[in-house]
Amino acid sequence: MNDRLFSGRFILTFTLLAASMFVQASDIKFMVDGIYYKLEEGKTTVSVTFGTEDNVKYSGDVVIPPTVSYEGQTYNVTAISGWAFDRCSELTSVSIPEGVTSIGEWAFNSCTLLGSVRTPNSLESIGPKVFSECTSLTTVFFGSSLTSIGSEAFYNCLNLTDFYFFSSTPPSLGSRVFNRVKTEQITLHVPEASLDNWNVSPWNGFKETVALTEDDINTAVTGIHRDSQRAECYDLNGRKTSDAQKQKGIYIKGGKTVLMK
């Protein structure tokens, strides 16, 4: 009887494992305009993912579109999958569109040229180790929908100086989110009406907490840009802009918000 019971459990386990492998095998990966996407079985949305070979790395300025077409069908881009930009050390900027709700684990690990991170208001969750070892990262802007940040998301980001949160409630945190981060040098920018909500650990251990300005709120836009002595300038759509092209408005230069009057 016991032998039969063990055999039945083994067959059931094997069947479930085989079914899981079949579902994963049926996922589709495709590339459009230099960006790889993953279409999972039964889903009508796609996620940005890594290249098909280990030596394929994103570099330069990457602009993720809100939708992408494949074989006659248009899909909304709703996620950046785990390891999508892992160790892309020559990645200089990324624009993330509205509609993206999650960024998976290790997605931007060791992207050492990124100096400023801006995420869309649609973003709800950030996985573990997402920005670990981003050693040039100084400024991070999070939209109004963020509810959770995964473990060690900012591991060894030693140069962080500013966090901007446009939500009134602090997100839930995984373990050691700020491991090897100098929180005492970081200024926390939050909505003025919710200053008291952020007067809790670990946020009250930051350098200071200040109210968002009207300009801060008006520039809660997407994009991830590098910070360097030869800082390049971008408009709020992530397009590189020369001094000659600039008109009145708000720009991002060297990871900082610049108002042209």
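Residues numbered from 1 in each chain as written. Predicted model: local features only at pLDDT ≥ 70, side-chain atom pairs only at ≥ 80, totals over all residues. Heavy atoms only, no water.

Caption draft 1: Summary view of the side chain of Asn 109. By the element assignment, Asn 109 lies in the loop between β8 (102–103) and β9 (114–118). Among the polar contacts listed, one links the side chain of Asn 109 to the side chain of Ser 132, at a separation of 2.6 Å. Ignoring any residue separated from it by four or fewer positions in sequence, one finds Asn 109 in contact with Phe 85, Asp 86, Arg 87, Cys 88, Lys 129, Val 130, Ser 132 and Glu 133. (Helix = DSSP H or I, 4+ residues; strand = E, 2+ residues; numbered from the N terminus. Polar contact = N/O pair within 3.5 Å; in protein donor to acceptor, adjacent residues only side chain to side chain. Contact = heavy atoms within 4.5 Å.)

Caption draft 2: Here's a closer look at the environment of Ser 102. In this fold, Ser 102 is placed in strand β8. C-alpha separation for the pair Ser 102 and Ile 126, spaced 24 residues apart in sequence, amounts to 5.9 Å.

Caption draft 3: Representation of the confidence of the model for the chain in the model. When pLDDT is averaged across the chain, the result is 82; 72% of the residues are at 70 or more. Note on residues 2–25: pLDDT is under 50 here. Beyond four places in sequence and across chains, it has 1 contact. This stretch, residues 227–231, has a pLDDT under 50; its non-local contacts, to residues over four places away or in other chains, come to 7 contacts. (pLDDT = per-residue confidence, 0-100.)

Caption draft 4: Molecular detail of the pattern of salt bridges. Scanning all chains against the criterion turns up 5 salt bridges. Arg 176 serves as the salt-bridge partner of Glu 152, at 3.2 Å between the closest nitrogen and oxygen. Taken together, the residues span a long stretch of sequence, with Glu 152 in the loop between β12 (148–149) and β13 (162–165) and Arg 176 in the loop between β14 (172–173) and β15 (187–190) at a distance of 24 residues. Under the relative-accessibility criterion, Glu 152 is labelled buried at 14%. When salt bridges that share partners are traced, they join Lys 38, Glu 40 and Lys 43 into one network. (Salt bridge = Lys/Arg side-chain N within 4 Å of Asp/Glu carboxyl O. Buried < 20%, exposed > 50% of the residue type's maximum accessible area, 1.4 Å probe, protein only.)

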